[in-house]
Amino acid sequence: MAPQKHEGKPALSEGRLDKILKDLYTLTNNQSRNAISTGKVFVNSEVSVKWEHPIKKGDIINFVLNAPNPRKKQALGAELFYQDSSIAVLLKPAGLLSAPSFDENEDHALKAVSRLCRGPRRPRVVHRLDKETSGLLVFSRTLPATQVMREAIDHKRVIRKYRCLVVGRPTPDEGMITSMLLRNAGEQRRGSAKGTLKRYPIDAKPQMPQGEDVRGAWAITKYKVVAFSKGVSAVEVEILTGRTHQIRIHMAEIRHPILGEWVYAKERPKAPRLALHAAQLTFKHPFAENVLNFEAPWPDDLKECQPIPKHWHQKIVPHPDTFFLNDIDLPEPDDWVEDDLPKRSASDEDDDFDDEDDFDHGQDDDQDDDQDDDQDDDQDDDQDDDQN
């Protein structure tokens, strides 16, 4: 289902935007001005909210029915990054849950995106971020889109990249970390099962440990150091599995904890908060052939931390009127990544809110979805949520 839109039309004469729009699309004065004020009109691919915007003959005017209102792009501290008739992408701040918890009074990203995406297509949870992690979250807006997006994550067809600042400099500068993660690896904290933490070259294809005594959920983390200064590394991370606190655990267990880490580090490295940001999402639109790439800049509340590479400040959002085919190829499913995630249908959407009690020092609010309370430790992390 493509976004609702009118095709762009060239202005036939010079004049004010409201007058030109009215004539091009046969609107009333009120309809024309309301469309402009609510961010539904684009002039040469740039949104314009001023009625008096001067138009030249030949300028391309696009009237996009479902474009988000640029004056209503924030709620509960979250920013509406993108929306069309099938999906919405939200930039979640640290400290905000991804979805409802047992505390009905606590705010969450689903509530924020629901306020920003008005209409009959209520957003639905596709994946999650840990409460203390900022960054990009995609929500579906229809049941078919929910099923397609969840299957894409289950089959490793969504690229999820994070940025973080860590203590010291990992050696080598790029690599892969794997382990079997347990809910309780000791001291009532999550962690890798004894003897399962392994490090490989970044392009390796390790196999999941086998055996009757192997317990836990297999986690795979790729990392790359992109800057280093004064004992701190800027690291880019890609997860091939979405286990609870996966990045936090793996970086701490190789002795390079994330700045601001208070659960898995022996001593909390100084930072205003956990220096972990879900910076990039890349996936095929559920009902179009085009690949969408979203990139969120490094958050303002962490800008005092260093080093911060220049490219971490860039923002990439597909134009709301048309899908750009990015020069990014989504990977084919890796047969070496054990696909042990449960397959869900659209009817399972409410399972996203089956949060379980956890041990992680108050971090139990936005944990793994699609999980039964009576599952064993080696089963409970087998889902796709980005609880890192």
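Relevant structure appears above.
Asker: Which residues make up the overall build of the chain, and what are the values?
Answerer: Tallying secondary structure elements over the chain gives 5 helices and 19 strands in all. Buried residues in the chain amount to 55% of all 388 residues. Once local pairs closer than 6 in sequence are excluded, the contacts in the chain between residues at least 24 apart make up 67%. Of the roughly 17600 Å² of accessible surface on the chain, a fraction of 47% belongs to carbon and sulfur atoms.

Asker: Break down the pairing of strand β16 (residues 217-229) for me, with residues and values.
Answerer: Strand direction decides the pairing type here: strand β13 (residues 174-182) and β16, joined by 8 bridges, are antiparallel. Within β16, the residue paired with I177 across the bridge is T221. Examined bridge by bridge, β16 and strand β17 (residues 232-239) share 8 bridges and lie antiparallel to one another. The partner of F228 across the bridge, within β17, is S233.

Asker: How would you sum up helix α5 (residues 246-253)? Please name residues and give values.
Answerer: Every α-helix carries 3.6 residues per turn, so stepping three or four residues along brings you back to the same face. Of all 8 residues in α5, 7 are buried, a share of seventy percent or more. For α5, the full list of buried residues reads Q246, I247, R248, I249, H250, M251 and A252. On its buried side, α5 packs onto β12 (159-167), β13, β14 (191-192), β16, β17 and β18 (276-284). Note on α5: the residue one or two positions beyond its end, R255, has a positive phi of about 70 degrees.

Conventions we followed
Residues numbered from 1 in each chain as written. Predicted model: local features only at pLDDT ≥ 70, side-chain atom pairs only at ≥ 80, totals over all residues. Heavy atoms only, no water. Helix = DSSP H or I, 4+ residues; strand = E, 2+ residues; numbered from the N terminus. Buried < 20%, exposed > 50% of the residue type's maximum accessible area, 1.4 Å probe, protein only. Contact = heavy atoms within 4.5 Å. Areas by Shrake-Rupley, 256 points an atom, 1.4 Å probe, with all protein chains shown as cover. Pairing = 2+ DSSP bridges.

These figures come from the coordinates and say nothing about function on their own.
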